[in-house]
Amino acid sequence: MPRFFPSLRGAACVASLSAALLSGTGVARAESGPVILAQHPGTELDRQARKLVTQDLHDAANQREQPVLLTGSGQLSDNPRRMALFVQLQSASLCGSAGCSTSVYLPDGRKWILVLDSVSGPITITPQMHDGMHDLLVDDTDRWIWTGTTYIDTQAADEPSPTPTDR
């Protein structure tokens, strides 16, 4: 289920960030190919990302850590308003053995919608599409497809093995 994150300044912030994402000003962008994450201190992209991960930043501060915030963007459909914001925090307490996780947000009027939460590994925007949005490939093997409201993993969960019965 997607989570909604209101912008502190409402539609103006989301609109200005969308314009920044579209212009590519100070932003690592991907249309098809790998999403490049980088630091963008002092930019609207950085400010919006910090609002979206406020709780994680607070939790890291309680651990006496100052996480590195990486952001990027990518065009996920033919609609320029579907420019995604990719956000990753890096710190000892936030990154595990699989690496640091990245979350993906889409603008929706006055708020950001979380459409892919906490995936680990490099993300590639593929040419293949589902329901008008590009598929995402995580760590070169894990394909995520759009359902109309969120991205879902296409890797089937392992079925539990039948339990042998004693007779």
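Structural data are supplied above this passage.
Residues numbered from 1 in each chain as written. Predicted model: local features only at pLDDT ≥ 70, side-chain atom pairs only at ≥ 80, totals over all residues. Heavy atoms only, no water.

**Q** Would you mind going over the pairing of strand E9 (residues 133-138) in detail, with residue names and values included?
**A** E9 sits mainly inside the fold: six of its six residues count as buried. Pairing geometry for strand E8 (residues 123-130) and E9, over five bridges, is antiparallel. Residue pairing across strands places Met-129 opposite His-134, the latter belonging to E9. In textbook terms, the turn of a hairpin is the stretch between consecutive antiparallel strands, and for E8 and E9 this stretch comprises two residues, one of which, Asp-131, has a positive phi near 50 degrees. Of the strand pairs in this sheet, E9 and strand E10 (residues 142-146) are connected by three bridges, and their pairing is antiparallel. Note on E10: the bridge partner recorded for Val-138 is Asp-142. Taking the residues that link successive antiparallel strands as the turn, the E9-E10 hairpin has three residues, and the phi of Asp-139 there is positive, at about 60 degrees. (Buried < 20%, exposed > 50% of the residue type's maximum accessible area, 1.4 Å probe, protein only. Helix = DSSP H or I, 4+ residues; strand = E, 2+ residues; numbered from the N terminus. Pairing = 2+ DSSP bridges.)

**Q** Would you mind going over the sheet that holds E10 in detail, with residue names and values included?
**A** The strand order across the open sheet formed by five strands is E3-E8-E9-E10-E11, and the pairing between neighbours is antiparallel. Both edges of this open sheet fall to strand E3 (33-34) and strand E11 (151-153), since each of them pairs with a single strand only.

**Q** Can you tell me about the state of the cysteines, naming the residues and giving the values?
**A** Counted according to the given criterion, the structure contains one disulfide. The side chain of Cys-95 participates in a disulfide bridge whose partner is Cys-100; the two sulfur atoms lie 1.9 Å from each other. Judged by the torsion about the S-S bond (100 degrees), the Cys-95/Cys-100 disulfide is right-handed. The class for Cys-100 is buried, based on a relative accessible area of 15%. (Disulfide = S-S within 2.5 Å.)

**Q** Tell me about the nonpolar core, and please be specific about residues and values.
**A** Residues Leu-76, Phe-86, Leu-136 and Tyr-151 are the most contacted members of the largest nonpolar core, which totals 18 residues. Mapped onto this core, the elements with two or more residues apiece are strand E5 (83-90), strand E6 (101-108), strand E7 (111-120), E8, E9 and E10. If you tally residues by element for this core, the top one is E7, at four residues. Excluding residues that lie within four positions of it along the chain, Leu-76 makes contacts with Arg-82, Ala-84, Phe-86, Val-104, Leu-106, Ile-125, Met-129, Gly-132, Met-133, His-134, Leu-136 and Tyr-151. Residues Leu-57, Leu-85, Tyr-105 and Trp-112 belong to the second largest nonpolar core, which totals 12 residues. (Core = buried A, V, L, I, M, F, W, Y, C linked by side-chain atoms within 4.5 Å. Contact = heavy atoms within 4.5 Å.)

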